[in-house]
Amino acid sequence: EEEIAAALKAFLQLPREELTWKTWDFSTDGELEIDMQEAELPVPFMGGSVKTRVFGELPGMILRVKPGGTMKFTLKNKLGPGTGKSTCGGPSGSYESPNMTCQSNTTNIHMHGLHASPSGHEDNVFATVAPGESRAYAIHIPEFHMGGTHFYHPHVHHSTAVQAGGGAHGMLIVDDPVGSLPKVIEDMPEIPLMMTLIQPILLMRMEQFGLSSDGSEMASQKMWVNSLYPDWRWGNMPIWLALNEPIWFTVNGQYRPLVSIEEGKWYRLRIAKASIDWHTRVFEESNDCEFQLLAKDGIYLHEAVRPIHTIHLASGARADVAVRCSIPESATETPHLSKLLWSSYEQRVKKLTYLNNKTGELLSFSITPRPTEEHDEALEVFSVRRPCYLADLRNAPAEDLELNRHTIDMVTNITNDEPYPVWPWLTGTMEMYIDDILRIWGHHTPEPVFTVPVGELMQINISGLHNHNFHGHVNPFQIQSMDAEDPWYQVGDWQDTMYPFIADKFVMRQNIDYYTGRAVIHCHLLAHEDNGMMAYYNITGEQDARYPAKEKLDPTCYEGAYPVDEESTTTETRTSTLTEFEASPIEHEDGYEYDAAELRVSRNGFLLSLSWSTMALINSAKPFAV
């Protein structure tokens, strides 16, 4: 322990690096080769390195594509056969059993968050690439796809955690159509932050599980090249280290990098987080910076911007955040450093009760002073014109939801007695009940849990999100209601990955739009997914079908390319710091509060302003009469 403390102290004294990143733009750079290969990640505070897998490097390049474009690439599996199980067998369903990890060197690729086809050579997670083989992909991005920040990673069942959680992942950006955003947002300099949580002890443990069906070889595989422990194997793991798993974040593959910015200037942070598990909160140490939320999981808020102090990130989650920093009068150095910190917890036991909470530094903003008169103005709230697959579903006709209603209950059955055990001895089952039927994805592809026709709406009542991170492929979902207020999730928000901080039960709706095929749903705590907490449903019918009653949802939504020739419907309405109107209101029978001079609607965050005989209606999900 003393040697490790000395190694950490020495490492923290090393000079910081400026944040860097690499980008591949399919619209200009053409086709790409992505190599799945072995790598050794440095262990900064313990010396040596831990073996893992990456898409060329950690992280993979940022991939960019435009709506209507095609991502053409070849995935080459340059891994050897490995020592692990090449086929999967034995019992499945027991949490962290030796049978949960197999086919550790068989891979594929999933475009997490895309509204794209799940079939053929597109975003098809059922296709696999064995060691030494390759596969050509051509993933078409529909011309109506909303611009946003997404994520790519392997998705082979039983090896997702060791691959995606071990470093094989990267950021994916769908560009915003020109003219679709307010100019101040469109012109913001972008800073991509691909956050990778390195969990070496858990990686080592899962690698050992992948060696044999009964785990008998667990102590024989040397996973860690380490100068302090030259014979580092799972069987030689010091118990104090197993109980206090060291974890750390890299940003674009760098540890605690510097991000150079100018004082008073807005920047757009595109953030994606990769990890095996762990919920993470990102926050600023000294309150030198202002944060405004633009989008979550690659989908703009219905009313952006939203002031926030903390960014909540589950495994696979994304956030687009505008940041503007100032230099305090007490600052003594130029440029001024402002730290962005992270805080993570491994497992939620009960509400607001956590295990293994850890905190560290993510990066530091290096802020260069700028004259006050040159500082950017406060951001104004805006709404984007939306593609029809993201039209507001909160007022969808009830009759259009009758045929496609389902329930999902995500359950962890812990067999250990209380007090709640630490993870090396955590046993039990990962269970997902869909329409009250237990579904566990074992070593063979199961039957679909239900079918839904393309072009229809679907409603899901889901529970168990205290301990599980729900993710759905192909079509995102919109929150309709939840059982408690949550600091990150609000009614009306769109998500494809959700691990709430407080709430546990949600009602969600989806527009089953355009694409047919097998749509996967699962827990995105990757060890849970590999253990069987995954299922899929079939989307049937004719490809390209759309929900026919779009005018009931949003008559301004578009079904083709963004209508650049039409007058923009993006409307700047007010600054995000505006306080509520406090004049004497008149409560109307519909629940809204009216005033003779000005009107503010508080329900669902909609804003309605009334001046003399002129009324401006903005962001309303239904018409009003005044």
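Residues numbered from 1 in each chain as written. Predicted model: local features only at pLDDT ≥ 70, side-chain atom pairs only at ≥ 80, totals over all residues. Heavy atoms only, no water.

### Here we look at the overall build of the protein
Which entries qualify depends on this criterion: Where helices and strands are cited, they refer to DSSP runs of H or I of at least four residues and of E of at least two residues respectively, numbered from the N terminus. Throughout this description, buried means an accessible area under 20% of the type-specific maximum (1.4 Å probe, protein chains only), exposed means over 50%, and partly exposed covers the range between. Note on contacts: a residue pair qualifies if any of its non-hydrogen atoms lie within 4.5 Å across the two residues. Using the Shrake-Rupley algorithm and a 1.4 Å probe, accessible areas are obtained, with residue cover drawn only from the displayed protein chains.
Summing up its helical and strand segments, the protein has 7 helices and 42 strands in all. The 626 residues of the protein split such that 59% are buried. Contacts in the protein between residues far apart in sequence, at least 24 positions, make up 77% of those at least 6 positions apart. Total accessible area on the protein is roughly 24700 Å²; 50% of this is exposed by carbon and sulfur atoms.

### Here's the deal with the environment of Phe365
Counting through the fold element by element, Phe365 comes out in strand β24 (residues 358-368). For Phe365, a relative accessible area of 1% corresponds to the buried category. Remark: the alpha-carbon pair of Phe365 and Leu340, spanning 25 residues in sequence, is separated by 7.5 Å.

### A look at the sheet that holds strand β34 (residues 497-498)
Rules: Strand pairing is assigned whenever DSSP identifies at least 2 bridges connecting the two strands.
The 5 strands are arranged β29-β37-β36-β31-β34 in an open sheet whose pairing can be described as mixed. Because the sheet does not close on itself, it has two edges, and the strands there are β29 (451-453) and β34. In the sheet, strand β36 (residues 517-523) pairs with strand β37 (residues 534-540) via 6 bridges, with the strands oriented antiparallel. Bridging across to β37, Arg518 finds its partner in Asn538.

### Let's talk about unusual backbone geometry
In this model, Leu58 is joined to Pro59 through a cis peptide bond whose omega is -15°. Assignment of secondary structure puts Pro59 in the loop between β3 (49-55) and β4 (62-65). Phi angles above zero are rare outside glycine, and Asp297 is one such case at about 50°. Take Asp297: it is sitting in the loop between β16 (289-296) and β17 (299-300).

### A closer look at the state of the cysteines
Worth spelling out the cut-off: Disulfide assignment relies on a single distance test, namely cysteine sulfur atoms paired within 2.5 Å.
Tallied over the entire structure, the rule returns 2 disulfides. The partner cysteine of Cys289 in its disulfide is Cys325, sulfur to sulfur 2.0 Å. Across the disulfide from Cys289 to Cys325, rotation about the S-S bond amounts to roughly 105°, and the bridge is consequently right-handed. Here Cys289, found in strand β16, pairs with Cys325, found in strand β20 (residues 318-325); they are 36 residues apart in sequence, far enough to count as distant. Paired through a disulfide, Cys388 and Cys557 show a sulfur-sulfur distance of 2.0 Å. The sign of the 85° torsion about the S-S bond sets the Cys388-Cys557 disulfide as right-handed. Taken together, the residues span a long stretch of sequence, with Cys388 in the loop between β25 (380-383) and β26 (405-414) and Cys557 in the loop between β37 and β38 (571-575) at a distance of 169 residues. As far as the burial class goes, Cys388 and Cys557 line up, both buried.

### Quick word on the pairing of strand β14 (residues 267-274)
Counting buried positions over the 8 residues of β14 gives 8, a clear majority of the element. Judged by which residues are buried, β14 turns out to be covered on both faces: Tyr267, Leu269, Ile271 and Lys273 on one side and Arg268, Arg270, Ala272 and Ala274 on the other are all buried. With 7 bridges connecting them, strand β10 (residues 190-198) and β14 associate as parallel partners. Residue pairing for β14: Pro192 is matched across the bridge by Arg270.

### A short note on the pattern of salt bridges
Definition in use: Salt bridge, as used here, is a side-chain nitrogen of Lys or Arg placed within 4 Å of a carboxyl oxygen of Asp or Glu.
This structure, assessed with the given rule, holds 26 salt bridges. For Arg268, the salt bridge goes to Asp176, with nearest N and O atoms at 3.3 Å. Of this pair, Arg268 sits in strand β14 while Asp176 sits in the loop between β9 (170-174) and α4 (183-186), and the two are 92 residues apart along the sequence. On the basis of relative accessible area, Arg268 is assigned to the buried category, the value being 2%. Judged by its relative accessible area of 19%, Asp176 falls in the buried class. Residue Lys296 pairs with Asp493 through a salt bridge whose shortest N-O separation is 2.7 Å. Highlighted residues: Lys296 in strand β16 and Asp493 in the loop between β32 (477-482) and β33 (494-495), separated in sequence by 197 residues.

### Re the sheet that holds strand β8 (residues 148-153)
Using the following cut-off: Axes, fitted as lines to C-alpha atoms, cover a helix only where it is in contact. Angles between the N-to-C directions of the axes lie from 0 to 180 degrees.
Strand order in the open sheet made by the 5 strands is β1-β4-β9-β8-β6, with mixed pairing throughout. Across the chains shown, the open sheet's two edge strands, defined by having one partner strand only, are β1 (23-25) and β6 (110-112). Averaged over all pairs of adjacent strands, the angle between their axes in this sheet comes to 25°, without regard to strand direction. Sheet analysis places β4 next to β9, joined by 3 bridges and oriented parallel. Residue pairing in the sheet places Val65 in a bridge with Val174 of β9.

### Brief notes about the confidence of the model for the protein
The test is simple: One confidence number per residue, pLDDT, is output by the predictor and ranges from 0 to 100.
On average, residues of the protein score 82 in pLDDT, and 76% of them reach the 70 mark or higher. With pLDDT under 50 throughout, residues 213-222 is counted as low confidence; its partners more than four residues away or in other chains account for 24 contacts. In this model residues 349-355 is a low-confidence stretch, pLDDT under 50, and it forms 20 contacts with partners more than four residues away in sequence or in other chains.

### Side note on the nonpolar core
As a reminder of what qualifies: Nonpolar core, defined: a set of buried Ala, Val, Leu, Ile, Met, Phe, Trp, Tyr and Cys residues in which side-chain atoms within 4.5 Å join the residues together.
Membership of the largest hydrophobic core comes to 98 residues, with the highest contact counts inside it found for Phe365 and Tyr537. Core analysis: the second largest hydrophobic core is formed by 24 residues, Met36, Leu75, Ile109 and Ala116 among them.

### Some points on the packing of aromatic side chains
Here is the rule we go by: For this analysis, a ring pair means two rings from Phe, Tyr or Trp (six-membered ring only for Trp) whose centres lie within 6.5 Å, classed as stacked if their planes differ by under 30 degrees, edge-to-face if by over 60, and tilted for the remaining angles.
Summed over all chains, the structure comprises 13 aromatic pairs. On the basis of an interplanar angle of 80° and a centroid distance of 5.5 Å, the ring pair of Phe126 and Tyr536 is categorised as edge-to-face. You can see Phe126 sitting in the loop between β6 and β7 (134-140) and its partner Tyr536 sitting in strand β37, a full 410 residues away along the chain. We classify Phe126 as partly exposed; its relative accessible area is 21%. Judged by centre distance (5.0 Å) and plane angle (80°), the ring pair of Tyr514 and Tyr515 falls under edge-to-face.

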